[in-house]
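Inside the fold
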Amino acid sequence: MLEITIVSVCFNSSRVLPEMLSSIPDGVPTILVDNASEDVEYVHEMAEAYGAVLLENKENKGFGTACNLGAEHAQTDLLLFLNPDSRLLPGALEAMQAGADRYPSASAFNPRILSKSGKPSFRRSSVITPRTESLRSKTAEGDLELPVLLGAALLVRRSAFEAVGGFDPEIFLYHEDDDLSLRLKADCGPLYYIHDAQVTHVQGTSSPSSAEVAGLKGLFMGQSRVYVARKHKVPFAFSRALASALLQMLSPVVLFSARKRSKQCSFLRGVWQSRDVHPVPFKPTET
């Protein structure tokens, strides 16, 4: 019997939500958390049609806060945070649960996440992890331990998620998966990639695509980059983020794409606005 609850955060996601919901096997507990979408009435219809629980935020409080709300209503041993632009392939949940059983000391997992073209991906490194912890291999023929997880389809033990306090509510969007991964790994156990569990993820389609939306995402990305790096005591967190933002502004793509230009300008602004933000540094729990 599956012991997994799916939690998915929606923000104007009506274009992709039906495909995600239709990929979930009957009887699997599913919680949708809507972050003040304009299309919330349609989300209501989809939740009712597929037997999902819908929780509504009257204002958009960010991805991590919405995930935490969904997790509070879950009863199973395992939680799967699944983006609305993702889709479970047949047998994915069974393979994830088998992987969790196979690695009892592990705290969280990624399935094999496939792009639209079918190319698999997993996190080999992060901007907040030392290079010495990066995976050398770009491919995997089986399960392996990971340095950090992707948030598009993140399976976590509910006990571990609760032990670390869930997602950091101070992170509105971006790098919340990096932060959660490092806290889980430090306090609750290693992170694993489960090769036999397959999920497709059409990146960047969970919310509308426009220059305005790209700008908002860039702003949050810049803010989160500095916040998370400082939280995990990355040396020269602000100056590294600023250098990255300035370098990306020099890309020729920025000149010819209004969307890219909006995103990169906002990323730079987000980094600059965070120059005086100093979160409490993360300290692993002593054992």
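That block above? That's the structure.
Overview of the structure. (Residues numbered from 1 in each chain as written. Predicted model: local features only at pLDDT ≥ 70, side-chain atom pairs only at ≥ 80, totals over all residues. Heavy atoms only, no water.)

Consecutive residues of a regular strand have side chains that alternate between opposite faces of the sheet. The element strand 2 (residues 30-35) is largely enclosed, with a buried count of six among its six residues. Along strand 2, one buried face is formed by Thr30, Leu32 and Asp34 and the opposite face, lined by Ile31, Val33 and Asn35, is buried too. Sheet analysis places strand 1 (residues 4-10) next to strand 2, joined by five bridges and oriented parallel. Bridging across to strand 2, isoleucine 6 finds its partner in threonine 30. (Buried < 20%, exposed > 50% of the residue type's maximum accessible area, 1.4 Å probe, protein only. Helix = DSSP H or I, 4+ residues; strand = E, 2+ residues; numbered from the N terminus. Pairing = 2+ DSSP bridges.)

On to the environment of glycine 218, then. Residue position: glycine 218 is located in helix 7 (residues 211-231). When the C-alpha atoms of glycine 218 and arginine 261 are compared, they prove to be 9.8 Å apart, with 43 residues separating the residues in sequence.

The next point concerns the pairing of strand 3 (residues 53-57). Across five bridges, the pairing between strand 2 and strand 3 is parallel. When the sheet's bridge partners are listed, valine 33 is paired in strand 3 with leucine 55. In this view, the connection linking strand 2 to its parallel neighbour strand 3 by way of helix 2 (residues 40-50) has right-handed handedness. (Right-handed = clockwise from strand over helix to strand, strands pointing away.)

The next point concerns the nonpolar core. Core analysis: the largest hydrophobic core is formed by 33 residues, its most contacted members being Leu32, Leu80, Leu88 and Met96. Elements with a minimum of two residues in this core: strand 1, helix 1 (17-22), helix 2, strand 4 (78-82), helix 4 (92-102), strand 6 (108-114), strand 9 (153-157) and strand 10 (191-201). Those residues in contact with leucine 88, other than ones at most four positions away along the chain, are Ile6, Ser23, Ile24, Pro25, Leu80, Leu82, Leu93, Met96, Gln198 and Val199. If you look at the next biggest cluster of nonpolar residues, it comprises 29 residues, including Phe63, Ala108, Leu135 and Leu146. (Core = buried A, V, L, I, M, F, W, Y, C linked by side-chain atoms within 4.5 Å. Contact = heavy atoms within 4.5 Å.)

Our focus in this paragraph is the packing of aromatic side chains. Taken as a whole, this structure holds eight aromatic pairs when the rule is applied. With 5.9 Å between their ring centres and 50 degrees between their planes, phenylalanine 238 and tryptophan 272 make a pair best called tilted. With phenylalanine 238 in helix 8 (residues 237-249) and tryptophan 272 in helix 10 (residues 258-273), this residue pair connects regions lying 34 residues apart in the sequence. Exposure remark for phenylalanine 238: the relative accessible area of 17% places this residue in the buried category. Members of the aromatic cluster, connected to one another through ring pairs, are Phe63, Phe81, Phe161 and Phe167. (Phe/Tyr/Trp six-rings, centres within 6.5 Å; stacked < 30°, edge-to-face > 60°.)

Let us now look at the layout of surface pockets. Its boundaries defined by the atoms lining it, the second largest pocket holds a volume of some 380 Å³. Taken together, 20 residues line the second largest pocket, and the ones lying closest to its centre are Val127, Ile128, Thr129, Pro130 and Val234. Elements with a contribution of two residues or more to the lining of the second largest pocket: helix 6 (176-187), helix 7 and helix 8. The element that contributes the greatest number of residues to the lining of the second largest pocket is helix 8, accounting for four residues. (1 Å grid on protein atoms, 1.4 Å probe; cavity = no way out; pocket = protein on both sides within 12 Å on 5 of 7 lines; lining within 4 Å. Points joined across faces, edges and corners; volume = space filled by probe spheres on them.)

Attention now moves to the environment of isoleucine 113. Following the sequence through the fold, isoleucine 113 ends up in strand 6. With 173 residues separating them along the chain, isoleucine 113 and glutamate 286 place their C-alpha atoms 33 Å apart. Non-local contacts of isoleucine 113, meaning those with residues more than four positions away in its chain, are made with Lys119, Pro120, Ser121, Leu150, Ala153, Val199 and His201.

Time to look at the packing of helix 7 against helix 8. Where helix 7 meets helix 8, the axes come as close as 9 Å, and the angle between the chain directions of the two elements is 150 degrees. Of the possible angle classes, the one that applies to helix 7 and helix 8 is roughly antiparallel. The hand of the helix 7/helix 8 crossing is right-handed. The residues of helix 8 that touch helix 7, namely those facing Arg225, Val226, Ala229 and Arg230, are Ala237, Phe238, Ala241 and Ser244. Split into classes, the residues belonging to the contact of helix 7 with helix 8 amount to five nonpolar, one polar and two charged. (Axes fitted to C-alpha atoms, helices over the stretch in contact; angles between N-to-C directions. Parallel < 35°, antiparallel > 145°, perpendicular 65-115°, else oblique. Left-handed = near helix turned anticlockwise from the far one by under 90°. Nonpolar A, V, L, I, M, F, W, Y, C, P; charged D, E, K, R; others polar.)

For the pair helix 7 and helix 10, the least separation of the axes is 6 Å and the interaxial angle reads 30 degrees. With respect to helix 10, the axis of helix 7 lies roughly parallel. For the element pair helix 7 and helix 10, the recorded crossing hand is right-handed. In contact with Ala211, Ala214, Gly215, Gly218, Leu219, Met221, Gly222, Gln223, Arg225 and Val226 of helix 7, helix 10 contributes Ala258, Arg259, Ser262, Lys263, Ser266, Phe267, Arg269, Gly270, Val271 and Gln273.

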